[in-house]
Amino acid sequence: MSASATSRMAYAEVQLKNGIPCFSISKKEEARNGVPQISAVVLTEVFVKPAVEVWSFLLSGTATIPVHAKSCLLYGLAPATAEVKPSKSPPLKTGRMYDVFLNGGPADPSDPTRGYVGKFCLITGISGERKILRIESDSQAWIDEICPVQK
């Protein structure tokens, strides 16, 4: 008799809140699996090779925080009890691709979801404001890890 275990990566949502990237899960994901418990967030710049970790936080022990689709974890802001690297988050650059990983999953131990991942680029809009360009997992940009040229 053979048994196999599979794990699943779901997609993280990225949006701007007051000009700062904020990370969450989708409404669809929450409806499917409930509210996940997250123990760490890692933001990596994938524009450079090898990829460089830009900012992260890790909760100690078994500590977790819930992440709802309607809420999000703000870049540079970590829970008071978290280990944060670096302690002051560096500014993110436009035209660079970033990868965010939320470590954790639903409370149901039978659910194979073990994390949430998303890729995005910061771009400048016509009027000069920063915007998020979400990179879809089925796109060439996701594979190439290069921000697509804006027209």
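Heads up: these notes are all about the structure in this document.

Conventions used here
- Residues numbered from 1 in each chain as written.
- Predicted model: local features only at pLDDT ≥ 70, side-chain atom pairs only at ≥ 80, totals over all residues.
- Heavy atoms only, no water.
- Helix = DSSP H or I, 4+ residues; strand = E, 2+ residues; numbered from the N terminus.
- Buried < 20%, exposed > 50% of the residue type's maximum accessible area, 1.4 Å probe, protein only.
- Contact = heavy atoms within 4.5 Å.
- Disulfide = S-S within 2.5 Å.
- Phe/Tyr/Trp six-rings, centres within 6.5 Å; stacked < 30°, edge-to-face > 60°.
- Salt bridge = Lys/Arg side-chain N within 4 Å of Asp/Glu carboxyl O.

**A few points about the environment of Thr113**
For Thr113, the position within the fold is in strand 9 (residues 113–124). On the basis of relative accessible area, Thr113 is assigned to the buried category, the value being 0%. Setting aside its immediate chain neighbours within four residues, Thr113 contacts Arg8, Ala10, Glu29, Asn33, Gly104, Gly105 and Pro106.

**A look at the state of the cysteines**
Throughout this description, disulfide means a covalent bond between two cysteine sulfur atoms. Tallied over the entire structure, the rule returns two disulfides. Between the sulfur atoms of Cys22 and its disulfide mate Cys72 the distance is 1.9 Å. Looking down the S-S bond of the Cys22 and Cys72 bridge, the torsion is 90°, so its handedness is right-handed. Of this pair, Cys22 sits in strand 2 (residues 20–25) while Cys72 is found in the loop between strand 5 (65–66) and strand 6 (73–74), placing the two residues 50 residues apart along the sequence. For Cys72, a relative accessible area of 18% puts it in the buried group. Residue Cys121 pairs covalently with Cys147 via a disulfide, S to S 2.0 Å. One disulfide, between Cys121 and Cys147, carries an S-S torsion of -105° and so falls in the left-handed class. Residue Cys121 is found in strand 9, and its partner Cys147 is found in the segment after helix 2 (140–144); the two are separated by 26 residues along the sequence. When the bonded cysteines of the protein chain are numbered from the N-terminus onward, they pair as 1-2, 3-4.

**Section: the packing of aromatic side chains**
Remark: the centre distance and the inter-plane angle together describe each pair of aromatic rings, the angle taken between the planes. Throughout the structure, instances matching the rule amount to five aromatic pairs. With centroids separated by 5.4 Å and ring planes inclined at 70°, the aromatic side chains of Trp55 and Tyr75 adopt a geometry described as edge-to-face. Of this pair, Trp55 sits in strand 4 (residues 52–58) while Tyr75 sits in the loop between strand 6 and strand 7 (83–85), and the two are 20 residues apart along the sequence. By relative accessible area, which is 8% here, Tyr75 ends up buried. Ring pairs connect the aromatic residues Phe23, Tyr98 and Phe120, which therefore count as one cluster.

**Here's the deal with the pattern of salt bridges**
Overall, the coordinates contain seven salt bridges when judged by the stated rule. Its salt-bridge partner being Glu145, residue Lys49 comes within 2.8 Å of it at the nearest N-O pair. Here Lys49, found in the loop between strand 3 (37–45) and strand 4, pairs with Glu145, found in the segment after helix 2; they are 96 residues apart in sequence, far enough to count as distant. Among the residues examined, Lys49 registers a relative accessible area of 54% and is labelled exposed. Overall, Glu145 belongs to the buried group, its relative accessible area being 19%. Notably, a salt bridge pairs Lys85 with Glu83, separated by 3.4 Å at the nearest N-O pair. By relative accessible area, Glu83 is classed as partly exposed at 44%.

This is a description of form; function is not addressed.
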